[in-house]
Amino acid sequence: MTRKPAITPPPTDAAAAFETLRQEISLQRAAIQGLTAAKEALPDYSLTLRDIASRLGKVEEQIEGIAEKPAMRLTPRTITLEIHEALMSFRADDSKTLGEARDTLARTLGHVEGMIKQRRSTDEQNWWVTWAATGGLLCGMFLSLVGVTLWA
């Protein structure tokens, strides 16, 4: 900080003027020497500053590396769109799977229904054959009786 000298009235003779000038110059010399001594007393921060600059450079590289990752380009909108597309894809797959399962179930039920109808048809046919055989047996016995009665 510089100090302003007090305003003094101009001296009247040359010797007094030189003495005033000498005092001002000695004050300036003392101030400059004090600044130089203060500057020499300051620690040298150049190594620390280089280390900080180096670390900042590494941090910047890491931040750039992170910024280049695909996840950093994602926004809530893009994430929402990707989720929607994935859901639509899965829904289409589910719909296809359900359709195939429905068709398989219909074919299987048709096959089972055909087997039941065939079984009913077989049972019905067996019923008719049993009744026809029973009727034929009864008719044969009746005719035998009639024939034995007539022949005797």
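Placed above this text is the structure.
Because the structure is a prediction, the values reported are computed rather than measured.

Novice: Sorry, what's going on with the overall build of the protein here?
Specialist: Helix and strand counts for the protein come out as three helices and zero strands. Counted from the first residue to the last, the protein has its helices and strands arranged as α-α-α. Against the 2.2 N^0.38 benchmark of 15 Å for 152 residues, the protein shows a C-alpha radius of gyration of 60 Å, more extended than a compact globule. With respect to the principal axes defined by its C-alpha atoms, the protein has extents near 195 × 30 × 20 Å. Looking at the 152 residues of the protein, the share that counts as buried comes to 1%. Only carbon and sulfur atoms are counted for the fraction: they give 65% of the accessible area of the protein, which is about 14,600 Å². Across the protein, the centroid of the 18 positively charged side chains sits 1 Å from that of the 19 negatively charged ones.

Novice: Please explain the packing of aromatic side chains as it appears in this structure.
Specialist: In this description, an aromatic ring pair is defined by two values, namely the gap between the centres and the angle between the planes. A complete count under the given rule lists two aromatic pairs for this structure. Among the aromatic residues, ring-to-ring pairing joins Trp127, Trp128 and Trp131 into one connected group.

Novice: Could you clarify how one ought to interpret a nonpolar patch on the surface in this entry?
Specialist: On the surface, Phe142, Leu143, Val146, Leu150 and Trp151 cluster together into a nonpolar patch covering about 640 Å² of accessible area. The residue Trp151 is located in helix α3 (residues 76-151) in this model.

Novice: Got a minute to help me understand a negative patch on the surface in this structure?
Specialist: A grouping of Glu60, Glu61, Glu64 and Glu68 is seen on the molecular surface, where their side chains present a negatively charged patch. The topology assignment puts Glu61 in helix α2 (residues 46-67). Classification of Glu61 as exposed rests on a relative accessible area of 57%.

Novice: It is not clear to me how the pattern of salt bridges should be interpreted in this structure. Could you clarify?
Specialist: Two side chains of opposite charge can pair, provided their charged atoms sit close to one another. On inspection of all chains with the given rule, the structure shows two salt bridges. The salt bridge involving Arg22 is made with Glu19; its shortest N-O contact spans 2.5 Å. Pair noted here: Arg22 and Glu19 are both in helix α1 (residues 14-41), with a separation of three residues, about one helical turn. Residue class for Glu19 comes out partly exposed when judged on its relative accessible area of 34%.

Novice: Where do I start with the environment of Gly135 in this structure?
Specialist: Considering the arrangement of structural elements, one finds Gly135 in helix α3. For the pair formed by Gly135 and Glu100, sequence separation is 35 residues and the distance between their alpha carbons is 52 Å.

Novice: Which parts of the structure should I look at to understand the environment of Ala15?
Specialist: Within the fold, Ala15 resides in helix α1. Measuring from C-alpha to C-alpha, the distance between Ala15 and Leu98 comes to 117 Å, with 83 residues separating the pair along the chain.

Parameters at a glance
- Residues numbered from 1 in each chain as written.
- Predicted model: local features only at pLDDT ≥ 70, side-chain atom pairs only at ≥ 80, totals over all residues.
- Heavy atoms only, no water.
- Helix = DSSP H or I, 4+ residues; strand = E, 2+ residues; numbered from the N terminus.
- Rg over C-alpha atoms; globule rule 2.2 N^0.38 Å.
- Buried < 20%, exposed > 50% of the residue type's maximum accessible area, 1.4 Å probe, protein only.
- Areas by Shrake-Rupley, 256 points an atom, 1.4 Å probe, with all protein chains shown as cover.
- Lys, Arg positive; Asp, Glu negative; His and termini not counted.
- Charge placed at Lys NZ, Arg CZ, Asp CG, Glu CD.
- Phe/Tyr/Trp six-rings, centres within 6.5 Å; stacked < 30°, edge-to-face > 60°.
- Patch = residues over 30% accessible without salt bridge, like charges linked within 9 Å, V, L, I, M, F, W, Y side chains within 5 Å.
- Salt bridge = Lys/Arg side-chain N within 4 Å of Asp/Glu carboxyl O.

Read these as spatial facts, not as claims about activity.
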